[in-house]
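Report on the structure
Here is what each chain is made of, one letter per residue.
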Protein chains: 4
Amino acid sequence: MSLPAPLTGVVPPLCTPLTPAGEVDRVSLAALAERLIDAGVSGLFALGSSGETAYLGDGRRRTVLETVVEAAAGRVPVLAGAIDMATERVVDHARTAAALGADAIVATAPFYTRTHSVEIADHFRRVREGAGLPLFAYDIPASVHSKLTPRIVLPLAADGTLAGLKDSSGDDGALRRLLVEARRRGLTDSFSVLTGSELAVDGALLAGAHGVVPGLGNVDPAGYVRLYAHARAGRWDRARAEQDRLAALFALTDAGDPAAMGGSSSALGAFKAALHLLGVIACPATAAPQVPLGDDAVKTVRQLLEEGGLLP
Amino acid sequence: MSLPAPLTGVVPPLCTPLTPAGEVDRVSLAALAERLIDAGVSGLFALGSSGETAYLGDGRRRTVLETVVEAAAGRVPVLAGAIDMATERVVDHARTAAALGADAIVATAPFYTRTHSVEIADHFRRVREGAGLPLFAYDIPASVHSKLTPRIVLPLAADGTLAGLKDSSGDDGALRRLLVEARRRGLTDSFSVLTGSELAVDGALLAGAHGVVPGLGNVDPAGYVRLYAHARAGRWDRARAEQDRLAALFALTDAGDPAAMGGSSSALGAFKAALHLLGVIACPATAAPQVPLGDDAVKTVRQLLEEGGLLP
Amino acid sequence: MSLPAPLTGVVPPLCTPLTPAGEVDRVSLAALAERLIDAGVSGLFALGSSGETAYLGDGRRRTVLETVVEAAAGRVPVLAGAIDMATERVVDHARTAAALGADAIVATAPFYTRTHSVEIADHFRRVREGAGLPLFAYDIPASVHSKLTPRIVLPLAADGTLAGLKDSSGDDGALRRLLVEARRRGLTDSFSVLTGSELAVDGALLAGAHGVVPGLGNVDPAGYVRLYAHARAGRWDRARAEQDRLAALFALTDAGDPAAMGGSSSALGAFKAALHLLGVIACPATAAPQVPLGDDAVKTVRQLLEEGGLLP
Amino acid sequence: MSLPAPLTGVVPPLCTPLTPAGEVDRVSLAALAERLIDAGVSGLFALGSSGETAYLGDGRRRTVLETVVEAAAGRVPVLAGAIDMATERVVDHARTAAALGADAIVATAPFYTRTHSVEIADHFRRVREGAGLPLFAYDIPASVHSKLTPRIVLPLAADGTLAGLKDSSGDDGALRRLLVEARRRGLTDSFSVLTGSELAVDGALLAGAHGVVPGLGNVDPAGYVRLYAHARAGRWDRARAEQDRLAALFALTDAGDPAAMGGSSSALGAFKAALHLLGVIACPATAAPQVPLGDDAVKTVRQLLEEGGLLP
């Protein structure tokens, strides 16, 4: 399907269900995609950070994307992460994604290497040209260790290199300045700004963001769809209440023991534990060498699902 | 006057006007305070980061606070920054502020030294006890290089150590989780959460923040007062439009040549250049050894004031 | 050939010469390897950071390694970088390297994802087992954004997971504590500690490091070989003088215009410009999208080569 | 006394002994100074980071300096830290120090505020002029969050603003480049470069540093004096052995429970615990709100003193 311009709404970054042996669990992944579509999301983002993409080799990445494209069956667009260190590999991923039927590519600035704004702009131009698909820039300084400033992004939006931005920087001041300036330049009708900061979505939508890419949307897609609908209809108090409920639910990402694992293992493990408890996926395992959640953490996740109204 | 609990509304962090010789310009400072009160602010925050406090010795700090307390004349509460490296000095500043008539103290975690959450909590308890005034914690990781997490702040809110938080961390996800949890614990009727992220104030107020401490509020206090009023009345579209206008105006902080000066010199210099162009203060000089704005930068500031409707 | 245990001496991280079209220039790469072996290095490290590995896809990486293994022809061991985001891909690279005849693998902790010491240790164990070759841990926080502390490294050295460490952290205090503790545990006869901090090699060798992996060794391998020989013979004053000369030469990494490119483009571009001026490689191009050096920068490189006695 | 130019040798940053009530323990501080002078140090640095200066108000700072100047009694020069956020306060401290008889001032770049190289240079010029005493720049990015690059330092060394540099950056590559360039410019006969990286002193002296400012020198001044003497005499193997012993002893800084306190509380607490166990100071307390060491940590300190040959 062709990608709406601008893309709007809720576009969850799908978790990647694995078997106990570490293979991609295609049945569970398809079930997850189905659940998200049923809930009313407007796109599926496969192979993002929530999808544990850093941990997946090319074979598993391919399986993930095949599965999601097949499950989507043209009902919603599929965005494919092409997450890798620098341009050549990103283009390789993007071409594979295009061949597998993805509708758009999501890529970061180069990382591992120290980079520069001129280099980043050239990178995105090469990826756009190499991929032959609409391209979203993915701003995630916590992983990439550089920031996609408005000064980098706006010219790339203006010249058609970028179809959109997924902003996971958490820098809502920079986001606001980007949105204001994009509107001033007449870009917001085609260039889609999606926030990845899943805890202040009401504010981001009020500020003019086109949508949201919430990791927690794997667990409660209907909540984010309601939040989006309230915001679009100007029901800001109800949007706020929904966001508050989701912010409380987000505490599940802290379930893991901080002395025993990192924040990423805790958050991704908790999303999967929740999906397992909800009966969506068959196995909560995360990709090696991430540290699995302990029993206490799973209890915490269950309790938060109950408090959030997702489990009886 | 006694401090409202919780403190709400617009509480600008006052710039510190200086004479060409570097003395505190009491007349200009009183004029600035008067202008802010006229615009409808609900408090004045003297000796914050926007006040160049890092650059001011004890004598100039004292003069600033005397001037602001006298200018406020009990019409709005005066919050006094007690910004220093660690507990003893912070308590010294706080006691001086109490003696000079301040209504509340604003203090950060210890800095320069590497610190720890246990140490930070003890620090705030000692400052509260030493000051004998309501205490606001000031979360500004860009200066202090540690973050006041909800885990640190909430117990101090619950036990009465803190009357509020000024959140200049820019971490709106953490802010939301703090607000949700504070509400759950019944703290939001007394504990005031003020955002220092002046570009997403509509979103922060929607999320439940009690008010805002905007550096740009020196330049356009009436704008922030309108934004606050719209938000409180549920006129979110108008709040958003006001914030958008202010976000465009905020570009003045980038006026300085980045090859010649740091971001702080540029921003503080631009606020003062604007106040000078608006006729509020007599001299735009910043404290040594900050780098002054060049003529081109001042032209940019003037143009942005015109575009923002503040100059004809 | 089998890898000496511990590996000692000078092990340069080879630059990757490219054609103007961006293909690996096998002839130039073989010439570079030959020059290094002639100079007396004790190993060749292909596909490290100086080799622009982040920018190279699997095909170019394979060509590099084939070329270097063939050029080495068993005269010195070849260490192959298996630089990628996390375990599965690192193991893939390591297996390819083993199949192509590499003698050892060099791998970092997982990056892009936020990680944890338990996860890092498990990662190295899986890479060691998957590769079937001796494994060097590569500590480069500037790229990976986590530090391989002695607490992580020492148990992996003791249980045979790691054959060595390439320490590019620049943290010579931590390096000293590692060396002292490794000696106390009787590990230094088998576990090789190589410094990647090419400007303080005399001090690192004095402290007990086994060798050095100098990017600048592409340009002046004989200098580092002399430095190493002086140190091993206890001629510390001559070692120091050699290091001083090399430190002055290192200024070529700053040749690029800092307003136009990043530090990495400048340094890697300068190494290649120097190799081109020295007649070792046919073309100084770096991999896209790095920014090429301008003419002034090349002049600076030439001048420094002259001052360093490498060009007449 | 007048300061030697360049200052060389071992210049320990004195701990600040406190009474249980938190007052400066003048008797213990004088005893500490005496012990250091007896051991052969070439200067005393009062009010540095190891002296917990961040935690001390003006009164306690004054007492410290009076005590150290009196104890030194002209036998060795006294360097006084003028550690504060920005220029005005730093000048205030420096003038007080001059009045109290200090022989030189040690100051950092401005902190808390974001700064810039132009501003930093102007800062040091103003401090030098205001103080009327020789000035050492203190490079400690872990506290100040900016780095004093050779590009900032060398012109200030050349024009006489700076009498020296205390380099606690841990960046031994930058240190080497500074030393090489300073020598090239003929500055090393007057400009003193002291390393604060107490674990690689042999390497720093080999590289041309003039001396060392070791926190651990409070605990084992004789060890550092021997290390320095070996290095100056070219006995590098013995210098290395001494440094190795001191590096093993340095493990006491990790004695504190990392879950209960920060690294600074642990390190400063351990220095004081060691001095208390050695009978030099009367009470091991650190300044509030630092977290005190637990009993297990003190046992660890004792054991390391025994292993290091400082306790029987």
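Before reading on, note that the structure itself is shown above.
We now turn to the structure provided with this report. Model, not experiment: these values are computed from the prediction.

Comments concerning the interface of chain C and chain A
Contact with chain C, which involves 45 residues of that partner, is made by 45 residues of chain A. Across the interface of chain C and chain A, roughly 3,600 Å² is buried in total on both sides, 58% from carbon and sulfur atoms. It is Met85(C), Tyr112(C) and Pro289(C) in chain C that bury the most area against chain A; as a group they hold 22% of the surface buried on that side. Where chain C touches chain A, the interface holds 4 salt bridges. Notably, a salt bridge pairs Glu88(C) with Arg60(A), separated by 2.5 Å at the nearest N-O pair. At the boundary of chain C with chain A, the tally comes to 17 residue pairs in polar contact (both at pLDDT 80 or more). Those elements that place two or more of their residues in the side of chain C that touches chain A are α2 (58–72), α3 (87–99), α4 (117–131), α5 (141–144) and α11 (263–277) of chain C. In terms of residue count, the dominant contributor to the side of chain C that touches chain A is α4(C) (5 residues). By residue class, the composition of the side of chain C that touches chain A is 20 nonpolar, 15 polar and 10 charged.

Things to note about the relation of the copies chain C and chain A
Both copies of the chain are placed relative to one another by a rotation about an axis and a shift along it. Least-squares fitting of chain C to chain A yields an RMSD of 0.0 Å, with the superposition described by an axial translation of 0.0 Å and a rotation of 180°. Taken together, the rotation angle and the small translation identify this as a two-fold axis. Here 100% of the contact residues of chain C are again contact residues in chain A; the copies associate through an equivalent surface.

So, the interface of chain D and chain C
Of the residues lining the interface, 26 residues belong to chain D; the matching set on chain C comes to 26 residues. Roughly 2,200 Å² of surface becomes buried between chain D and chain C when both sides are summed, with 50% attributable to carbon and sulfur atoms. Looking at the side of chain D facing chain C, the largest losses of area belong to Arg176(D), Arg177(D) and Leu206(D), adding up to 32% of the total buried there. The interface formed by chain D and chain C includes 8 salt bridges. A salt bridge links Arg177(D) to Asp254(C); its shortest N-O distance comes to 2.8 Å. Sort the elements by how many residues they give to the side of chain D that touches chain C and helix α10 (residues 236–249) of chain D lands first, with 7 residues. Considered class by class, the residues forming the side of chain D that touches chain C number 10 nonpolar, 6 polar and 10 charged.

What counts as what
- Residues numbered from 1 in each chain as written.
- Chains lettered and ligands numbered in written order.
- Predicted model: local features only at pLDDT ≥ 70, side-chain atom pairs only at ≥ 80, totals over all residues.
- Heavy atoms only, no water.
- Contact = heavy atoms within 4.5 Å.
- Buried area = accessible area lost by both parts, 1.4 Å probe.
- Salt bridge = Lys/Arg side-chain N within 4 Å of Asp/Glu carboxyl O.
- Polar contact = N/O pair within 3.5 Å; in protein donor to acceptor, adjacent residues only side chain to side chain.
- Helix = DSSP H or I, 4+ residues; strand = E, 2+ residues; numbered from the N terminus.
- Nonpolar A, V, L, I, M, F, W, Y, C, P; charged D, E, K, R; others polar.
- Least-squares fit on C-alpha atoms with pLDDT ≥ 70 in both.

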